[in-house]
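Remarks on the overall topology
The chain contents come next:
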Amino acid sequence: MHKMVRGDLYRASDPVLVSMRDMCKYRVALYNSRCTYRPSDPPPCRHHDIYGDDDNDQWLAAIAKSKTNDLRNMLGSVGDGVCIEAPFQCDYGKFIHLGDRVFINYQCVMLDTCKITLGNDVLVAPGVHFYAATHPTDPQIRLQGLEYGKPITIGNNVWIGGSAVICPGVTIGDNVTVGAGSVVVKDVPANVVVAGNPAKIIKKLPSTATTLVKTTTSLYNVYDPSDPATTDWYINDHCFAYGPGGVWHMYGITHTESADPEMEVNFAHATSNDLTSGWLKQPFALGSILPETHLWAPYVLFENNTYYMYYCGGGYDRTNYIIGLATSVDGWKWERQGTMFTGGVDGRDPMVLKFVTPVGGASYIIYYTGTNPDELSDTVSHVTYYRTSNDLYTWSEPGIAFEGGVDGSCAGGPTESPFVVQRGSSYYLFSGAWSDYQDTRVFFSSDPTSFGSVPLGTAVQVGEVVSHAPEIVRDTEGNWYLSSGGWGAGGLWLSDLVWLDGLDDEPTSIPIPTAPAALPDSFSTNFEADWASSSDGGDAEWTVNPSGLAGGCALGDAFYMSETIANNNTFTLDADITLITKDGNPTSSAGTWTRDGSAAALVISKYKDSPLSDSLCINIHTDSSGGIKVFRFPYVSLANYAVTITQDTLYHLRVKIIPGLIYVYYSTNGGSLVQVLKVSDSSITGDVYLGLNVWQGSAMFQNVFFTY
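Throughout this document, residue positions are counted from 1 along each chain, in the order its sequence is written. Totals for whole chains, interfaces and linings use all residues, but because this is a predicted model, local features are given only for residues with pLDDT of at least 70 and pairs of side-chain atoms are given and counted only at 80 or more. Note that water and hydrogens are dropped before the side-chain values are worked out from all heavy atoms of the structure.

Attention now goes to the overall build of the protein. Along the protein, the regular secondary structure elements total six helices and 57 strands. When each of the 708 residues of the protein is scored for burial, the buried share is 50%. Taking the contacts inside the protein whose residues are at least 6 apart along the sequence as the reference set, 48% of them involve residues at least 24 apart. To qualify as a helix, a DSSP run of H or I must reach at least 4 residues; to qualify as a strand, a run of E must reach at least 2; elements of each kind are numbered from the N terminus. Exposed residues in this analysis have more than 50% of their type's maximum accessible area, buried residues have under 20%, and partly exposed residues fall in between, with area computed by a 1.4 Å probe over protein chains only. By definition, residues are in contact when any of their heavy atoms lie within 4.5 Å.

This is the structure in structure tokens:
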């Protein structure tokens, strides 16, 4: 027996071991029979005849005590509150040790050649097998009737899924989940989820007692918008964006002290070349317009060469606060894109996370605070809502990601200013205020849509920091910071943030920032070098595709024409003229095209079928002095932009479009120097159609449009 328990080779046919197994079989059979009801047995509720008509608790207690005594006679040690459902099987029993509150479901098998130890609060699903017994792989040794074992140790708070197999010698750490059907062949560390055959780690989890994020410095002031000689101002909920040219931007709720949230109708804007110092006050970034009644809690995300600013615009009905969107191509000029959705009672403080990899088919998730039930009430639960999207414009129906607690106030609570950070497969929700105005707590989840419930005890808190309306931001060196603002705070504050989760090398939703390329209003470049670098297929072509304006050809990343426009009202097109169409039909007219009014208009439209609806046009014509003027004009709401070229002849015109930006390249008088002017327009996103309008006398001809 001692050899067997030590894990040495032994013979299972040893008479002592055979006798021990026989005794165990008797005790197991006794236990299983006591746990099994026969058809002839009365149901438990009929035993009221013994203990009284109204209470059978004493009878049930007697049964439980008897079963516990049987377990303790059968097994090595048994803690309090242990339950094993029959049928149960084991070899020796005395080498099995169970902690408190262990639950083992039906058809569990424990081959306890060596010790099998289960900690406290272990849950074992039906059909799980624990094999502490094994055999030599050398067939000659097996033929001698020798075998051996290895101990199995299961930590505290472990859940083992149905039909899993725990192999000899395995140790499983605390707080582990083993997926159903898994075969565990090697040790499993604490705080993970494993699954498969062989079982592998698929998730890493913290324990509730672990602090995974903290600040290492006190808050220090980096920006105060106040004018010491006149008025104090505050910055409340705010955000950061790293812009072109390496310029940091900060946008935030602002107003003069003291707090007046209903009159917070402008977003503060400040800039700096250094996140931690040197901030300069700029004009307001955005002002409220009806039906917005105030501007709260901006959050800016940079995607597709565009800055997306989500914010709460309030509204006269506080049960349907507006969550709006404005966009910008440079971080300075913002254009509203309308209401994305209404957030319910006091729905506000939006924050958008871009997943490292799409989750559930979605690329983005927006969090915002609100109340549940979603109505004005004397008793509400403060929650964090979420919605998902693939395009930053269309959002799903809301779900509840986090429940903070219940009180009688709709206006504020512990789920204000949610901010979520993804690190690997782990998600961290910063949420507050809790016990006081600067009490922010951090909660963990491996599911970005479910951070649990504080009232129900299912939320996993992994940190607590001093901050109001925190933003998590990194500088260009990769350092992490936690920011703070608020009424009466004297501006904007930072503190250094460190992570203790061991995931520094994992992908994160907040990578080290890199600035978008600076976007000059105009610049010059060498014509030959610039043209030679594009796959233009020749000077006399309309697109980068050498086939010219064939319907449906690929636009690529540039669209240009190479031609001469003289000031004698003649527009010369060297490309195949049959590729120009009138009303969608090719025309066989050839030769020189003259103009009536404008020589040509390059149309950049959102609509293929109605190109003059919400379009941009770049027109080319002569002015009264004989110079060439190139300008764009809108048909709806876009600002005018014009530039006059004083030379007599415009030789080359090329247009390059990226979302939010149009670059116009041109050269004059046959020179090799190309001038470039930039036209910024955030409405240039998604599908954009290009076409050329030209005139012959009074007849206008349009080309086929191409999708950008």
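This paragraph deals with the environment of Ile154. Structurally, Ile154 can be placed in strand E13 (residues 152-154). Note on Ile154: relative accessible area 2%, which makes it buried. For the pair Ile154 and Leu98, spaced 56 residues apart in the sequence, the C-alpha separation amounts to 9.6 Å. With sequence-adjacent residues up to four places away left out, Ile154 is seen in contact with Thr117, Leu118, Gly119, Val122, Phe130, Ile160, Ile166 and Ile172.

So, on to the side chain of Thr369. Note that Thr369 resides in strand E32 (residues 362-372). Classification of Thr369 as buried rests on a relative accessible area of 3%. Side-chain atoms alone can form a polar contact between residues adjacent in sequence; in general such a contact is a pair of N or O atoms within 3.5 Å, and within protein one must be able to donate a hydrogen while the other accepts it. A distance of 2.8 Å separates the side chain of Thr369 from the side chain of Thr415, its partner in a polar contact. Those residues in contact with Thr369 that lie beyond four places of it in its chain are Asp346, Gly347, Arg348, Asp349, Val383, Thr415, Glu416 and Pro418.

As a further point, take a nonpolar patch on the surface. There is a patch of nonpolar side chains on the surface, built from Met23, Tyr26 and Leu30 and spanning about 300 Å² of accessible area. With respect to the secondary-structure elements, Met23 resides in helix H2 (residues 15-35). On the accessibility criterion, Met23 (41% relative accessible area) is partly exposed. In this analysis, a patch consists of residues with relative accessible area above 30% that form no salt bridge, clustered at 9 Å for like charges and at 5 Å for the nonpolar side chains Val, Leu, Ile, Met, Phe, Trp and Tyr. Here the Shrake-Rupley method, with its probe set to 1.4 Å, supplies the accessible areas, and only the displayed protein chains count as covering residues. We define a salt bridge as a contact between a side-chain nitrogen of Lys or Arg and a carboxyl oxygen of Asp or Glu at a distance within 4 Å.

This brings us to the packing of aromatic side chains. Any two aromatic rings considered together are summarised by their centre-to-centre distance and by the angle between their planes. Two aromatic rings, drawn from Phe, Tyr or Trp (for Trp, its six-membered ring), form a pair once their centres lie within 6.5 Å of each other, and the interplanar angle then sorts them: stacked below 30 degrees, edge-to-face above 60, tilted otherwise. The full count for this structure, using the stated rule, is 23 aromatic pairs. With centroids separated by 6.2 Å and ring planes inclined at 50 degrees, the aromatic side chains of Trp233 and Phe284 adopt a geometry described as tilted. With Trp233 in strand E23 (residues 233-243) and Phe284 in strand E26 (residues 280-287), this pair connects stretches of sequence that are 51 residues apart. Here the aromatic residues Tyr428, Phe430, Phe444, Trp480 and Trp499 are joined through ring pairs into a cluster of three or more. Whether a charge sits over a ring comes down to the Lys NZ or Arg CZ being within 6 Å of the ring centre and within 35 degrees of the ring normal. Against the face of Trp233 rests Lys281, its NZ or CZ located 4.7 Å from the ring centre. Taking the ring centre of Phe341 as reference, the NZ or CZ of Arg387 above it sits at 4.1 Å.

Before going further, it helps to examine the pattern of salt bridges. Taken as a whole and judged by the stated rule, the model has 11 salt bridges. A salt bridge links Asp80 to Arg72, with the shortest nitrogen-to-oxygen separation between them at 3.5 Å. The partner of Arg101 in a salt bridge is Asp121, and the shortest N-O contact between them spans 2.6 Å. On the criterion of sequence distance, the pair formed by Arg101 in the loop between strand E5 (96-98) and strand E6 (103-104) and Asp121 in the loop between strand E8 (116-118) and strand E9 (123-124) is long-range, its members being 20 residues apart. On the basis of relative accessible area, Asp121 is assigned to the partly exposed category, the value being 31%.

Bringing the environment of Gln282 into the picture now. Structurally, the position occupied by Gln282 is in strand E26. Take Gln282: its relative accessible area is 21%, and that puts it in the partly exposed class. Non-local contacts of Gln282, meaning those with residues more than four positions away in its chain, are made with His269, Ala270, Thr271 and Trp332. There is a polar contact of 2.8 Å between the side chain of Gln282 and the side chain of Thr271.

Here we come to the sheet that holds strand E14 (residues 159-160). Between any two strands, at least two bridges found by DSSP are needed for them to pair. As summarised here, the arrangement of the seven strands in space is E3-E6-E9-E14-E17-E19-E20, forming an open sheet in which the pairing is mixed. Taken across any chain shown, the strands that pair with only one partner, and hence form the sheet edges, are strand E3 (83-84) and strand E20 (200-204). Summarising the sheet, strand E19 (residues 192-195) and E20 pair through four bridges and their orientation is antiparallel. Across the sheet, the residue bridging to Val192 is Lys204, located in E20.

Confidence scores labelled pLDDT are given residue by residue by the predictor and lie between 0 and 100. Averaged over every residue, the pLDDT of the protein is 74; the share at 70 or more is 66%. Taken as a whole, residues 45-54 scores under 50 in pLDDT and shows six contacts with residues more than four places along the chain or in a different chain. Note on residues 687-708: pLDDT is under 50 here. Beyond four places in sequence and across chains, it has 99 contacts.

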